[in-house]
Amino acid sequence: MLIMKTLTLPPLQGANGTIRLPGSKSISNRVLLLAALAQGVCEIRDLLDSDDTRVMVGALRQLGVTVESLAPDVVRVTGCGGEFPLRDADLFMGNAGTAIRPLTAALALTGGHYRLSGVARMHERPIGDLVDSLRQFGAVIDYQETEGYPPLALKGGEIRLPEVITVRGDVSSQFLTALLIAAPLSGQRTVIEMSSELISKPYVEITLNLMARFGVSVEREDWTRFVVLAGQAYRSPEVIYVEGDASSASYFLAAGAIGGGPVRVEGVGKASIQGDVRFAEALAALGARVSLGDNWMEASGPADGKLRAFDLDLNHIPDAAMTLAVVALFADGPCTLRNIASWRVKETDRIAAMAKELRKLGATVEQGTDTIAVSPAPTCGNGVAIDTYDDHRMAMCFSLAALAGVSVTINEPDCVAKTFPDYFDRFAEVTAPVIAIDGPSASGKGTVAERVAARLGYHYLDSGSLYRLTALAATRSGIALDNEASVAGIAAALPARFKEGRIWLNDDDVTDAIRTEAISAGASKVAVLPAVRAALLARQRAYRRFPGLVADGRDMGSVVFPGANAKVFLTASAEARAERRYKQLIAKGMAANIHALLQDLQERDARDAQRSVAPLAQCADAERVDTTHLDIDAAVGAVMEIVQRQSAGKNK
Ligand code: DC
């Protein structure tokens, strides 16, 4: 595996765009275990594919459960009806708290012999409260190294059901979650009582909600007593969808609030069962403009000025709360985060880690046992290197600091693989600067855009080539170019690669094949089809990468990148464009007729301008450059001047 040691984010000026979230870690790992314990087969869709879920899948397979991967985010689990086929196993749980806690409980109550261990940090994360509760069932559990911590040896025991099981709730709510998930395995009425106050209650709500989806209901009396009635067993719901990860959503929403926005996340919204959606409320309390749909959330910066300073109890959103500690850098005064003691026993001591790294950015930070107070830095340090402590959330949180317009280096960025393997690519899709250059065919925008990209050191997207490739691939497959569904299918799965100035379709170099007049006409035909445009949208947006992107096409500024940092509309008279094309063809030794070319261009212009979806038109906020009387260098100069002026204006 390639380990990336550092990642340097460029100074970022703003954030806008839309992101589809990966599946929720909390839901994914609970659902995997519930499906394994249930009777019947369960297909889990939109499952998170990350280190922590791989730990759970690996452990279940080791226990003899059939887990088939149907796609990266779809698995089929054949439930074992509460009895794992293998009664003896040595399980390595990495640093996945959501895997080791519930699995320990389920295995302890099934009476086999198991060993559970993890990485060094996992052996520093407490599990004693859970073991104490499981011993009340008669489970025999030994600590193999340090009392109260993994690794654990489960040695069976005479499992019996006491009247009441007690568990502490003030270190981690996962201990209660683990007991609740395991309790129905006894088939008896089980009463669980809290012996200390329960923290992070929304995570227990996720547990109860998912147990109900698998056919087991729990009577909850306040947050102190939970009763699982006798005679209940998990039954597969056959198909279950995992919601997007609400904790992961926090980085994007925060980016929108800090960087102007709007930034929209899809996959989680007001219908969510995850407590971390309430991060949106916290952002709104800071003055950010926030809106929620059933399955999306969106945030923009405050209508007037800066985010407000805050003093908040964040016990209900412990993970997303970390994001607020970095948002505090952008507030108009000192901020305090309260009731976050659980940070101390997570992937790292998050209070200490957060304090240390925020200070590198110039903030004044005070840490208490369960609080952290952050006074924003007057100027955030440029070129700072942030340590991440093998904690995915540290890495993701501190990417936001680059929105202060400073370069930030993230050490060991690959730790995001725990919950969000392609986080930095997605982050670039809402923060990397974009220059949109639109205009009609043969206006010179391709050449100009490519040179502007080279001057800035940015990536370059020739969106027209995607329509051309679609037309070529459809033609080669014998699909009629007005067959919308089939052509859209081709566009969605286009096996295209752009490499060193050449364009490939599978293993075919099609750089010249997509430039013929026949394919030009075909591209213009497929470009009128709404389903084709929709199929190419996410693909085009994925070209937005650090340090930036120059995109050319017809709808870059209007549809694909409406929040672009600079927008240019490049045009020329039809006669000038026909003449350029004529010269190009003659230079290539191809036959050409200037009148036919002019007529062709005019017809194509008309088709591009009149189509119902994304017609060719100058955006209100784009500046026009007429290249009829300009040579390439002059056109590039004119565009660079606009780019610098517009970007500076937007960054104010
Ligand atoms: O820029 P070009 O000539 O390579 O574009 C080929 C065709 O694709 C052209 O008819 C317009 C269409 N197109 C589009 O509709 N939207 C884009 N963003 C880019 C191209």
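The shown structure was predicted, so the numbers you read here are calculated from the model rather than taken from an experiment. (Residues numbered from 1 in each chain as written. Predicted model: local features only at pLDDT ≥ 70, side-chain atom pairs only at ≥ 80, totals over all residues. Heavy atoms only, no water.)

Q: Can you tell me about the overall build of the protein, naming the residues and giving the values?
A: For the protein, the helix and strand inventory stands at 21 helices and 31 strands. Compactness check: the protein gives a C-alpha radius of gyration of 28 Å against a globular reference of 26 Å for 652 residues, within 12% of the reference. Once the C-alpha set of the protein is aligned to its principal axes, its extents read approximately 95 × 60 × 40 Å. Every one of the 652 residues in the protein was classed for burial, and the buried ones make up 56%. Each charge class in the protein was averaged separately, 68 positive and 76 negative side chains, and the resulting centres sit 3 Å apart. (Helix = DSSP H or I, 4+ residues; strand = E, 2+ residues; numbered from the N terminus. Rg over C-alpha atoms; globule rule 2.2 N^0.38 Å. Buried < 20%, exposed > 50% of the residue type's maximum accessible area, 1.4 Å probe, protein only. Lys, Arg positive; Asp, Glu negative; His and termini not counted. Charge placed at Lys NZ, Arg CZ, Asp CG, Glu CD.)

Q: Tell me about the pattern of salt bridges, and please be specific about residues and values.
A: It is possible for side chains of opposite charge to pair when their charged atoms get near one another. A full pass over the atoms with the stated rule returns 46 salt bridges. Through salt bridges with shared partners, one network takes in Lys25, Asp52, Asp319, Lys346, Glu347, Arg350, Asp391, Arg393 and Lys418. (Salt bridge = Lys/Arg side-chain N within 4 Å of Asp/Glu carboxyl O.)

Q: Can you break down the nonpolar core residue by residue, with the values?
A: Core analysis: the largest hydrophobic core is formed by 81 residues, its most contacted members being Leu324, Trp343, Met354, Leu358, Ile372 and Phe398. For this core, the leading source of residues is helix 7 (residues 246–258), giving nine residues. In this structure, Trp343 is in contact with Pro318, Ala321, Met322, Ala325, Leu337, Thr348, Asp349, Arg350, Ile351, Met354 and Ile372, ignoring residues within four places of it in sequence. Among the nonpolar cores identified, the runner-up in size contains 77 residues, and Ile27, Ala59, Ile165 and Leu179 belong to it. (Core = buried A, V, L, I, M, F, W, Y, C linked by side-chain atoms within 4.5 Å. Contact = heavy atoms within 4.5 Å.)

Q: Explain the sheet that holds strand 16 (residues 289–292) to me, using residue names and the numbers behind them.
A: Taken in spatial order, the four strands make up an open sheet running 2-15-17-16, and their pairing is mixed. Among the strands making up the open sheet, the edge pair consists of strand 2 (15–20) and strand 16. The average undirected angle you get between the axes of adjacent strands in this sheet is 5°. Of the strand pairs in this sheet, strand 16 and strand 17 (residues 296–300) are connected by four bridges, and their pairing is antiparallel. Counterpart to Val290 in the pairing with strand 17 is Ala299. Together, strand 2, strand 15 (260–266) and strand 17 form the strand contacts of helix 7, whose direction differs from that of strand 15 by roughly 160°. In this fold helix 12 (residues 423–431) packs onto strand 2 and strand 15, with an angle of close to 140° to the strand it touches most, strand 2. (Pairing = 2+ DSSP bridges. Axes fitted to C-alpha atoms, helices over the stretch in contact; angles between N-to-C directions.)

Q: Got a sec to walk through the site of the ligand? Specific residues and values, please.
A: In the region of the ligand, 18 residues are neighbours, and Arg468, Arg533, Arg554, Asp555 and Arg611 sit closest. Ser463 is positioned such that a nitrogen or oxygen atom in its side chain is 3.0 Å from a nitrogen atom of the ligand. Arg554 is positioned with one of its side-chain polar atoms (N or O) 2.9 Å from an oxygen atom of the ligand. Its free accessible area being 440 Å², the ligand has 97% of it covered by the protein chains. Taken together, the elements giving at least two residues each to the shell around the ligand come down to helix 14 (463–476), helix 16 (517–526) and helix 20 (594–610). Sort the elements by how many residues they give to the shell around the ligand and helix 14 lands first, with four residues. Its residues assigned to classes, the shell around the ligand shows four nonpolar, five polar and nine charged. (Near = heavy atom within 4 Å. Polar contact = N/O pair within 3.5 Å; in protein donor to acceptor, adjacent residues only side chain to side chain. Areas by Shrake-Rupley, 256 points an atom, 1.4 Å probe, with all protein chains shown as cover. Nonpolar A, V, L, I, M, F, W, Y, C, P; charged D, E, K, R; others polar.)

Q: So what about the packing of helix 10 (residues 350–360) against helix 11 (residues 392–399)? Which residues, and what values?
A: At a closest axis distance of 11 Å, the pairing of helix 10 and helix 11 adopts a crossing angle of 30°. Considered as vectors, helix 10 and helix 11 are oriented roughly parallel to each other. For helix 10 against helix 11, the interelement crossing comes out right-handed. In contact with Arg350, Ala353, Met354, Glu357 and Leu358 of helix 10, helix 11 contributes His392, Arg393, Met394, Cys397 and Phe398. Counted by class, the contact of helix 10 with helix 11 contains six nonpolar, one polar and three charged residues. (Parallel < 35°, antiparallel > 145°, perpendicular 65-115°, else oblique. Left-handed = near helix turned anticlockwise from the far one by under 90°.)

Q: Give a detailed account of unusual backbone geometry, specifying residues and quantitative values.
A: Cis rather than trans, the peptide bond between Pro150 and Pro151 has omega equal to 5°. Inspection of the secondary structure assignment puts Pro151 in the loop between strand 8 (139–143) and strand 9 (152–157). Of the consecutive residues Gly261 and Pro262, the connecting peptide bond is found in the cis state with omega at -5°. Looking at the secondary structure, you find Pro262 in strand 15.

Q: Explain the side chain of Thr571 to me, and be specific about the residues and the numbers.
A: Structurally, Thr571 can be placed in strand 30 (residues 566–571). With a relative accessible area of 9%, Thr571 lands in the buried category. Among residues more than four places away in sequence, those in contact with Thr571 are Pro440, Ser443, Arg624, Val625, Asp626, Thr627 and Thr628.

Q: Tell me about the pairing of strand 13 (residues 225–228), residues and numbers included.
A: Pairing of strand 11 (residues 190–194) with strand 13 involves four bridges; the strand directions are antiparallel. Within strand 13, the position partnered with Glu193 by the bridge is Arg225. Alignment of strand 12 (residues 218–221) against strand 13, held across four bridges, turns out to be antiparallel. Looking across to strand 13, one finds that Arg220 is bridged to Phe226. Two successive antiparallel strands, strand 12 and strand 13, enclose a turn made up of three residues, where Asp222 displays a positive phi of approximately 60°.

Q: Run through the side chain of Asp52, naming residues and quoting values.
A: Inspection of the secondary structure assignment puts Asp52 in helix 2 (residues 51–62). In contact with Asp52, other than residues within four places in its own chain, are Lys25, Asn29, Asn95, Ala96 and Lys418.

Q: Residues and numbers for helix 2, please.
A: Between its first and last C-alpha atoms helix 2 spans 16 Å; for 12 residues at 1.5 Å apiece the expected length is 16 Å, and the two agree. What helix 2 keeps buried is the set Asp52, Thr53, Val55, Met56, Val57, Ala59 and Leu60. Residues of helix 2 that are buried in the fold lie against helix 1 (25–37), strand 4 (66–71), strand 6 (88–92) and helix 3 (97–110). Positive backbone phi, at 95°, marks Gly64, one or two positions downstream of helix 2. (Expected span 1.5 Å × (residues − 1).)

Q: Explain the environment of Ile181 to me, using residue names and the numbers behind them.
A: For Ile181, the location among the structural elements is in helix 5 (residues 174–182). Given the relative accessible area of 1%, Ile181 is considered buried. Sequence-distant contacts of Ile181, defined by excluding residues within four places in its chain, comprise Arg30, Leu33, Leu34, Leu37, Pro102, Thr207, Met211 and Tyr234.

Q: Break down helix 15 (residues 484–492) for me, citing the residues and quoting the values.
A: Restricting attention to buried positions, one finds in helix 15 the residues Val487, Ala488, Ile490 and Ala491. Buried residues of helix 15 fall within an arc of 155° about the axis and therefore sit on the same side. Exposed side chains of helix 15 directed beyond 90 degrees from the buried face belong to Ala485 and Ala492. Buried positions along helix 15 lie against helix 14, helix 16 and helix 17 (530–541). (Arc of directions from axis to C-beta.)

Q: Could you give me a rundown of the sheet that holds strand 18 (residues 311–313), with the residues and numbers involved?
A: Across the sheet, which stays open at both edges, the four strands sit in the order 18-19-21-20 with mixed pairing between neighbours. Every other strand in the sheet has two partners, leaving strand 18 and strand 20 (364–367) as the edge strands with one partner each. Here the average twist between neighbouring strands, direction ignored, is 10°. In terms of strand pairing, strand 20 meets strand 21 (residues 371–375) through four bridges, oriented antiparallel. From the neighbouring strand, Gln367 faces strand 21, where its bridge partner is Ile372.

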